[in-house]
Amino acid sequence: MTVRALWYDRHTLHLIDQRRLPAHLIVRHLRTVQGTAEAIRTMVVRGAPAIGVAAAYGMALASRQRGMTPTRAAVLLRATRPTAYDLFVGIEVVRNAWTRGDDPEAAALAYCARVVGECRKIGEAGAPLFRQANKVLTHCNAGALATVEWGTALAPIRVARDRGVRLFVWVDETRPLLQGSRLTAWELDQERIPHAVIADNAAGYYLHNGDVDAVIVGADRVARNGDFANKIGTYEKAVLAHENGVPFYVAAPWSTFDVGRKDGTTIPVEERAEAEVLDLGTQRIAPKRSHARNPAFDITPAKYVTGFVTPVGVMRPAELTRFLLRHRARLAAPARP
Ligand code: MRU
């Protein structure tokens, strides 16, 4: 089965409701930018590239709403989630088209096709990193659900499998919203890719025991020096991989690269509701009077990254910086969140 997180037709954005997976496969149908913003904020759709594409379609929907302007629509969408750079890129691509008088729907469709194409190329570039029977660890969900199709971290795994390389995937469950056990495991199961879900705090055990040959994750924002934001818990996996001599890869399309940002120190980190930590589903699991903190992302320094898997190949952090500076004019999104 080919997973597709979202699609657009007849002036409607269709989104798989990722909060309900794997128990229920429910599709939401949206016709307004307000509805799209709410879907991004509440994580009906999530994962940086998919958020960007949903926002692009949200702008397209706004262009058909009476009284809506490019600026008003952009303000609504920008206020949803602060960390994923793709959100701001998706908004700006369509806002620019709309302001120029071009067709916003055509611009959003083209943006979506671009992201999907880049993810496919990430798969091709990253597949040779894996050898027969490798065990690969991933964190959160950086699959088709997070990117529309293919995925970022999961794309090389899919392409390697299509080329006959048998891989086994360790899936961090990814507290507090369980994107690993609910979404990554669901995608791998759909495609019959062997995997096991592990508690987040078990990753070190397997890394230390020699049971992990490589780690691959996605990213929500990559600064020009290679520092990057990704789901909370990524930083500790990177440090543990380094400590145990295991290569650590970060896969992302160009919409995730914040070329104008020198390093990771100023990347905005979203803090989400306490209830996501204190409750499990509808069940309270902590004492009534306890409080929680809930940073949704952490920043991993570039020194822990073995290679960035990009649409044009795998690059070490220093090479990435040179590449980004050389292609800055083409890559730099007109966004400045
Ligand atoms: O809070 P989420 O589920 O939107 O976080 C998603 C992640 O952290 C992913 O790893 C990242 O967006 C990369 S998706 C290809």
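Residues numbered from 1 in each chain as written. Predicted model: local features only at pLDDT ≥ 70, side-chain atom pairs only at ≥ 80, totals over all residues. Heavy atoms only, no water.

Colleague: Teacher, can you tell me more about the site of the ligand here?
Modeller: Surrounding the ligand, one finds 19 residues, the nearest of these being Arg-46, Arg-81, Gln-179, Asn-230 and Lys-231. In this structure, Gly-47 approaches the ligand through a main-chain N or O atom, which is 3.0 Å from an oxygen atom. The backbone of Ala-48 places a nitrogen or oxygen atom 2.9 Å from an oxygen atom of the ligand. The fraction of the free accessible surface of the ligand (420 Å²) that becomes covered by protein chains is 100%. Sorting the residues of the shell around the ligand by element identifies helix 2 (48–62), helix 6 (144–147) and strand 9 (228–231) as the ones contributing at least two each. A breakdown of the residues in the shell around the ligand according to their chemical character gives eight nonpolar, seven polar and four charged. Structurally, the shell around the ligand is a two-domain feature, drawing no fewer than three residues from each of domain 1 (6–118) and domain 2 (122–331). (Near = heavy atom within 4 Å. Polar contact = N/O pair within 3.5 Å; in protein donor to acceptor, adjacent residues only side chain to side chain. Areas by Shrake-Rupley, 256 points an atom, 1.4 Å probe, with all protein chains shown as cover. Helix = DSSP H or I, 4+ residues; strand = E, 2+ residues; numbered from the N terminus. Nonpolar A, V, L, I, M, F, W, Y, C, P; charged D, E, K, R; others polar. Domains from an automatic or database assignment.)

Colleague: Even after reading the chapter, I still don't get the pattern of salt bridges, so can you show me in this structure?
Modeller: Pairing between side chains becomes possible if they bear opposite charge and their charged atoms approach one another. Under the counting rule described, the total for this entry stands at 23 salt bridges. Here Arg-158 makes a salt bridge to Glu-191, at a shortest N to O gap of 2.4 Å. With a gap of 33 residues between them, Arg-158 in helix 7 (residues 154–162) and Glu-191 in the loop between helix 8 (179–190) and strand 6 (195–198) connect regions that are remote in the sequence. For the pair formed by Arg-158 and Glu-191, the shared burial category is buried. Here Asp-189 ties to Arg-192 by a salt bridge, and the two come within 3.8 Å at their closest N and O atoms. (Salt bridge = Lys/Arg side-chain N within 4 Å of Asp/Glu carboxyl O. Buried < 20%, exposed > 50% of the residue type's maximum accessible area, 1.4 Å probe, protein only.)

Colleague: Would you mind showing me how to read the pairing of strand 7 (residues 214–217) here?
Modeller: Taken residue by residue, a regular strand's side chains alternate between the two faces of the sheet. Along strand 7, one buried face is formed by Ala-214 and Ile-216 and the opposite face, lined by Val-215 and Val-217, is buried too. As defined by bridge partners, strand 7 adjoins strand 10 (residues 248–251) across three bridges and the pair is classed as parallel. Counterpart to Val-217 in the pairing with strand 10 is Val-250. (Pairing = 2+ DSSP bridges.)

Colleague: Explanation requested: the sheet that holds strand 2 (residues 12–16) in the structure shown.
Modeller: Pairing between sheet strands relies on hydrogen bonds along the backbone, with the strands arranged either parallel or antiparallel. Taken together, the three strands give an open sheet; going across it, the order is 1-2-3, and neighbouring strands pair in antiparallel fashion. The outermost strands of the open sheet, each flanked by one partner alone, are strand 1 (6–9) and strand 3 (27–30). Pairs of neighbouring strands in the sheet enclose a mean axial angle of 20°, with direction left out of account. Pairing between strand 1 and strand 2: four bridges, direction antiparallel. For Leu-6, the partnering residue across the bridge sits in strand 2 and is Leu-15. Together, strand 1, strand 2 and strand 3 form the strand contacts of helix 2, whose direction differs from that of strand 1 by roughly 20°. (Axes fitted to C-alpha atoms, helices over the stretch in contact; angles between N-to-C directions. Contact = heavy atoms within 4.5 Å.)

Colleague: Just to check I follow, could you spell out the packing of aromatic side chains for this structure?
Modeller: The description of two aromatic rings rests on the distance between their centres and on the angle between their planes. Applying the stated criterion to the full structure yields nine aromatic pairs. Ring geometry for Tyr-8 versus Tyr-57: centroids 4.7 Å apart, planes at 5°, classification stacked. Of this pair, Tyr-8 sits in strand 1 while Tyr-57 sits in helix 2, and the two are 49 residues apart along the sequence. As far as burial versus exposure is concerned, Tyr-8 and Tyr-57 are alike and both buried. Considering the side-chain rings of Phe-257 and Phe-308, the 6.4 Å spacing of their centres and the 65° angle between planes classify their relative orientation as edge-to-face. Here Phe-257, found in strand 11 (residues 257–258), pairs with Phe-308, found in strand 15 (residues 307–310); they are 51 residues apart in sequence, far enough to count as distant. Considered together, Phe-257 and Phe-308 belong to a single accessibility category, that of buried residues. Counting every residue linked through ring pairs, the aromatic cluster contains Phe-168, Trp-170, Tyr-205 and Tyr-206. In this structure, Lys-231 packs its charged tip against the face of Phe-297, placed 4.3 Å from the ring centre. (Phe/Tyr/Trp six-rings, centres within 6.5 Å; stacked < 30°, edge-to-face > 60°. Lys NZ or Arg CZ within 6 Å of the ring centre and 35° of its normal.)

Colleague: Whenever I open this one, the domain arrangement of the protein chain confuses me. Can you help?
Modeller: When the parts of a complex come together, some accessible area is lost, and that lost area is often taken as the interface size. Annotation of the protein chain at the domain level lists domain 1 (6–118) and domain 2 (122–331). Put simply, the middle of domain 1 and the middle of domain 2, counted by C-alpha atoms, are 23 Å apart. With 28 residues of domain 1 at the contact, the number on the domain 2 side is 32 residues. Taking both partners together, domain 1 and domain 2 bury about 2,500 Å²; carbon and sulfur atoms supply 57% of that area. Together, Thr-83, Tyr-85 and Glu-118 form the three largest contributors to the area buried by domain 1 at its contact with domain 2, with a combined 28%. Our count for the contact surface shared by domain 1 and domain 2 stands at one salt bridge. As a salt-bridge pair, Glu-270 and Arg-81 come within 2.9 Å of each other at their nearest N and O atoms. Taken together, the connections running from domain 1 to domain 2 amount to 16 residue pairs in polar contact (both at pLDDT 80 or more). The set of elements that each furnish at least two residues to the side of domain 1 that touches domain 2 consists of helix 2, helix 4 (85–100) and helix 5 (104–126). (Buried area = accessible area lost by both parts, 1.4 Å probe.)

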